[in-house]
Amino acid sequence: MKRIAEILQAEPSLIEMTVRGWVRSFRNDRFIALNDGSTINNLQCVIEPENHAQDILQSINVAAAVEVKGHLVESQGSGQRVELQTSMVKILATADPEDVKKTVLSPKRHKLDTLREQAHLRVRTNTFGAVMRVRAALSFAVHKYFQEQGFYQAHTPILTGSDAEGAGEMFRVSTLDPKNPPLTEEGKVDYSKDFFEKEANLTVSGQLEAETYAMGLGQVYTFGPTFRAENSNTSRHLAEFWMIEPEVAFNDLAANMDLAEDFMKYVIDYAMKNCADDIEFLEQRLENEDKQKHAAERSPMPLRDKLKFVLKNNFKRVSYTEAIDILRNSKPNKKKKFKYPVDQWGADLQSEHERYLVEKHFECPVILFDYPATIKAFYMRLNEADDEGRKTVRAMDILFPGIGEIVGGSQREERYDVLKQKMHDMNIPEEELWWYLEMRKFGSVVHSGFGLGFERLVMFVTGMTNIRDVIPYPRTPGNAEF
Ligand code: 4AD
Ligand code: MG
C-alpha cells in the first residue's frame, strides 16, 4: 500500500488506491485531511456526503483512524496539487471528540510543555512528526556516513563496571535488596554479593571499549544510549541520551577535527536534502516561537540559512589559550556580565563563554582545542608543557550556535607510563581499568575519537530549543514518566 508521501508526488490516475491514516480535520462533511505519518503534508480526501451513511460521517472525527479508497485527481482547491476522489470510507478506529478536546490532538496550537505532558500523543502533532522524521533521517545518515567511510559499528556494553569519564555521574545497577543489602565487616554494602560480584553501572560512554576495538579494526564507531546521573536540569541535558563515538587508529588531533567537521556537514546536508518539507515547516515554527521572545533571544537566522551557513563555512579552530584571551578581553567580561568571570588561564569554560565565542565573537562553529590537563578527562593525550610550564591535553570541543558544546573528543594517551601516572594522579582506579591500561602494552598507536550528542544534533537541525522535545520520552532529574 502506498503511503501519503509517495501519493502526493504521483500523477492523477483512474486506478483506485487504498490509503490508511488518521483524520487531522474534516470540513463541511466533505474534506478529510488525512495523515499517515509519512510526511508533514496531509492528503485531502474529497467525499460526497450523500454517498456515505450517517454513522460513518459522524465518526470521521479528528484523531480517528480511517481507510479510504478512491483515485487521484488534480486538486480543485489551492494548497495541494492532487487530492483523492474518495468512493469509500471505512472507520478503523474511532476517537471521541469530547476526549480529543482535552488532549494535544485537538487542532489548535499547544504549548510545548503541554505536549511534553502528553508525550504518548505528541508524535501525532505536526511539530513532533517533523522532529521525529528528521531524527530518524539523521540516525540513518550517521550509519551511512561511517559505512561509506569504511568504519565498523562496535556494540559496546551498556552495563559496565567502569566510569569511562571518571566523573562519577553514574546510575548504579544492582539486584541487591535495597531494604536489606548484605554488608561487609565495615558495615558497607557488600557488592561482591551483587549480580556482577562487583559494583556496576549504566555506561556514560562507550569510548574506552571502542578504543580497544579501534586497535584491531582500525576505524570503528558506536551509536547507542548513554546515561548520566548529573543533576543538570537544563534545556541541553538528558539523563539518557544517544551518543555517536567514532574512534580511529593512527589519527592525531588534527585528523580527528577533520573527521568531525566532514561528518557533521555530511549528516546535516543529508537531512536538508531528505527532509526538506519537515525542515521548512520547522523553520516556520521557529519563526513563530521567536515572535514571542525578546529580540536578543531570537535566532539570528532562519533555520535553513543557519544550516546552509554551517555547510558552507570552515569551522574555526581556536586553542583554549587563545579563547581565554578573547574572553578575558571581551565586553561582557569587562562589564561583569558573565556569571562566571574569566580571569585565569586554567578556568573551565561555562556555556555562557562558549556561546559568546560562537554567537558573538566568531559567529560560526568553533573547534576549541588543547585544553588545560586539569579540567579534562584522564585519557587525553598530554602535550609538552608550554613556555610558561602550563600543561595541556589534545582535547577538542566543537561549539555550535544556539547549542554550545555539541561534540567532545580528543587524541588519546597511547603511552603506557604516562597514562598510568595520570590515572594515579587523577584517582582513576587501576583495578577497574586495568584492561584499558594493558592495551597500551601491545602495539598501542596514536589514536583519536570524539562523541557527538545525538539529541544536540537533532536540536540544531530542527531548531528546537529544548532537548526534551527531540527525543520521544525524555529522562531528566525527577522525570521518568512513560
Ligand atoms: O563531552 P562528553 O562527556 O565526551 C565523552 O563522553 C567522550 N567519551 C566522547 C569521546 O571522545 N568518545 O560527551 C560528548 C557529547 C557532548 O559534547 C554532548 O553533545 C553530549 O555528548 N552530551 C550530552 N547530551 C545530552 N545530555 C547530556 N547530559 C550530555 N552529556 C554529554
Ligand atoms: Mg564534554
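Residues numbered from 1 in each chain as written. Chains lettered and ligands numbered in written order. Predicted model: local features only at pLDDT ≥ 70, side-chain atom pairs only at ≥ 80, totals over all residues. Heavy atoms only, no water.

Enquirer: Describe the site of ligand 1, naming the residues involved and giving the relevant values.
Expert: By nearness alone, 24 residues border ligand 1, and E165, Q207, E230, E245 and E405 come closest of all. In the environment of ligand 1, an oxygen atom lies 2.8 Å from a nitrogen or oxygen atom belonging to the backbone of I406. Contact with the protein chains removes 93% of the 630 Å² of surface that ligand 1 exposes when unbound. Elements supplying a minimum of two residues to the shell around ligand 1: β11 (240–249), β15 (404–411) and β16 (447–453). Within the shell around ligand 1, the residues separate by chemical class into 8 nonpolar, 8 polar and 8 charged. (Near = heavy atom within 4 Å. Polar contact = N/O pair within 3.5 Å; in protein donor to acceptor, adjacent residues only side chain to side chain. Areas by Shrake-Rupley, 256 points an atom, 1.4 Å probe, with all protein chains shown as cover. Helix = DSSP H or I, 4+ residues; strand = E, 2+ residues; numbered from the N terminus. Nonpolar A, V, L, I, M, F, W, Y, C, P; charged D, E, K, R; others polar.)

Enquirer: Describe in detail the pairing of strand β10 (residues 219–227), supporting the description with residues and values.
Expert: Across the 9 residues of β10, 8 count as buried, placing the element largely inside the fold. Both strand β6 (residues 152–153) and β10 contribute to a ladder of 2 bridges, which runs parallel. Residue pairing for β10: Q153 is matched across the bridge by Y221. Where β10 meets β11, 9 bridges bridge the pair, whose relative direction is antiparallel. Looking at β11, one finds that G224 is bridged to M243. (Buried < 20%, exposed > 50% of the residue type's maximum accessible area, 1.4 Å probe, protein only. Pairing = 2+ DSSP bridges.)

Enquirer: Outline the sheet that holds β6, listing residues and values.
Expert: As summarised here, the arrangement of the 8 strands in space is β6-β10-β11-β16-β15-β14-β13-β12, forming an open sheet in which the pairing is mixed. At either end of the open sheet lies a strand with only one pairing partner, and these are β6 and β12 (316–319). Where strand β14 (residues 392–400) lies against β15, 6 bridges are found, and the strand directions are antiparallel. Each bridged residue has a counterpart across the sheet, and for L399 the counterpart in β15 is E405.

These results come straight from atomic positions and should not be treated as a statement about function.
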